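# Summary of the model geometry
Spelled out from the first residue to the last, the chains are:
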Amino acid sequence: MRSPTPGVAVVPGEGTDMRWTTSGAGIETARLADGGLLVRAAGDVDGPVLRYTRAEMDAFVRGAKDGEFDDLAGSCGGPAGP
């Protein structure tokens, strides 16, 4: 749902306008009051929005720090890992 305010999007079920931050990696994120995170493709205000809980984000970050995704480092066009 489009908001009349640039940089702000209405997210169904969240009840308020969300402020989005562009990461520079083709995604935008918005933090939720409960610690969760919304993620969408940058600039696609009418596209799908993924909602992650704080626990899901914590698990993802722990996995990344532990090297669980190292095998993907070269497959996404980024620099290959060691």
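Residues numbered from 1 in each chain as written. Predicted model: local features only at pLDDT ≥ 70, side-chain atom pairs only at ≥ 80, totals over all residues. Heavy atoms only, no water.

### A closer look at the overall build of the chain
Each helix and strand counted, the chain has 1 helix and 6 strands in total. Order of helices (α) and strands (β) in the chain, N terminus to C terminus: β-β-β-β-β-β-α. Element-wise, carbon and sulfur atoms account for 57% of the exposed surface of the chain, whose accessible area totals about 5,800 Å². (Helix = DSSP H or I, 4+ residues; strand = E, 2+ residues; numbered from the N terminus. Areas by Shrake-Rupley, 256 points an atom, 1.4 Å probe, with all protein chains shown as cover.)

### Looking at the pairing of strand β5 (residues 37-41)
Extensive coverage of β5 is indicated by the burial of 4 of its 5 residues. If you look at the hairpin formed by strand β4 (residues 27-31) and β5, you'll find 5 residues sitting between the two strands, and Gly 35 has a positive phi there, around 95 degrees. With 3 bridges joining them, β5 and strand β6 (residues 50-52) adopt antiparallel strand pairing. The residue of β6 that forms the bridge with Leu 37 is Tyr 52. (Buried < 20%, exposed > 50% of the residue type's maximum accessible area, 1.4 Å probe, protein only. Pairing = 2+ DSSP bridges.)

### Quick word on the environment of Tyr 52
Relative to the assigned elements, Tyr 52 resides in strand β6. Separated by 20 residues in sequence, Tyr 52 and Leu 32 place their C-alpha atoms 9.5 Å apart.

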